[in-house]
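Next come the chains, spelled out residue by residue.
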Amino acid sequence: YNLISDAFATSTIVGVLWSIGLGIVTVMVVSSLYKEFRSVLYLKSADKHRRQVLEVLNSGKYSDAFGLCQDMAQNCKLTNSASYKKFLSQTQSHFDVTSVFSLYEDNVLKELDEKAHSIIVKRSTENGVIVALSPVTWIDMALTLARSLRMIIEISSIYGLFRKKKKKTATI
């Protein structure tokens, strides 16, 4: 608040410009937070695969474990990846459920984990820059929250838990 009052003390025009600028930033941040929180609520309902893995671990059937791994790979759009093909070539019908899931984790999920890690590093760096450059504490807190929620959505989309909506483009 001192920023705006100091700007008005300098000049009315400067104060109005700072007020408009901070208002625009606030509207953008609130809009972004709304979109991201809505997406996070969607993710709460996307717990399907975890429950299925637990059910398959209890059933102990190879066919169920292998089928679930296939479903997860299709959900993540990994069916043409080299890591998934390696998983398919190494899996054998006499494997137990735990071995199938371990093989899937070692071959397929490892690649996804590396992508997720790179996003975490990138977004953490960006958040550090935002905090360093922001002159107002509540603005950098809101921006950091919005960026962190965006990171969650990006990581979730890597694992096939959330699909980003494609932006519509106008054609002429």
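Report on the accompanying structure. Keep in mind that this is a model prediction, so the values were computed, not measured. (Residues numbered from 1 in each chain as written. Predicted model: local features only at pLDDT ≥ 70, side-chain atom pairs only at ≥ 80, totals over all residues. Heavy atoms only, no water.)

### Some points on the environment of Ile 130
You can see Ile 130 is positioned in helix H6 (residues 97-133). Sequence separation between Ile 130 and Thr 144 is 14 residues, and the spatial gap between their C-alpha atoms is 7.3 Å. (Helix = DSSP H or I, 4+ residues; strand = E, 2+ residues; numbered from the N terminus.)

### A word on the pattern of salt bridges
Opposite charge on two side chains lets them pair, provided their charged atoms get close. The final tally for this structure, using the stated rule, is four salt bridges. For Arg 123, the salt bridge is made with Glu 154, and the minimal N-O distance between the two is 2.4 Å. Of this pair, Arg 123 sits in helix H6 while Glu 154 sits in helix H7 (residues 137-158), and the two are 31 residues apart along the sequence. We note that Arg 123, like Glu 154, is buried. With its nearest N and O atoms 2.0 Å apart, the salt bridge here joins Arg 147 to Glu 126. (Salt bridge = Lys/Arg side-chain N within 4 Å of Asp/Glu carboxyl O. Buried < 20%, exposed > 50% of the residue type's maximum accessible area, 1.4 Å probe, protein only.)

### Some thoughts on the nonpolar core
The biggest cluster of nonpolar side chains holds 24 residues, and the ones touching the most others in it are Cys 69, Phe 87, Phe 101 and Tyr 104. Breaking this core down by element, the ones donating at least two residues are helix H4 (62-75), helix H5 (82-90), H6 and H7. Of the residues forming this core, the biggest block, nine residues, is contributed by H6. In this structure, Tyr 104 is in contact with Cys 69, Met 72, Ala 73, Phe 87 and Leu 109, ignoring residues within four places of it in sequence. (Core = buried A, V, L, I, M, F, W, Y, C linked by side-chain atoms within 4.5 Å. Contact = heavy atoms within 4.5 Å.)

### Observations regarding a nonpolar patch on the surface
Together, Phe 8, Val 16, Ile 20, Ile 24 and Met 28 give the surface a local cluster of nonpolar side chains, amounting to about 460 Å² of exposed area. Ranked by residues supplied to the nonpolar patch, first place goes to helix H2 (residues 12-44) with four residues. Within the secondary structure layout, Ile 20 lies in helix H2. Under the relative-accessibility criterion, Ile 20 is labelled partly exposed at 48%. (Patch = residues over 30% accessible without salt bridge, like charges linked within 9 Å, V, L, I, M, F, W, Y side chains within 5 Å. Areas by Shrake-Rupley, 256 points an atom, 1.4 Å probe, with all protein chains shown as cover.)

Geometric values such as these leave the question of function open.
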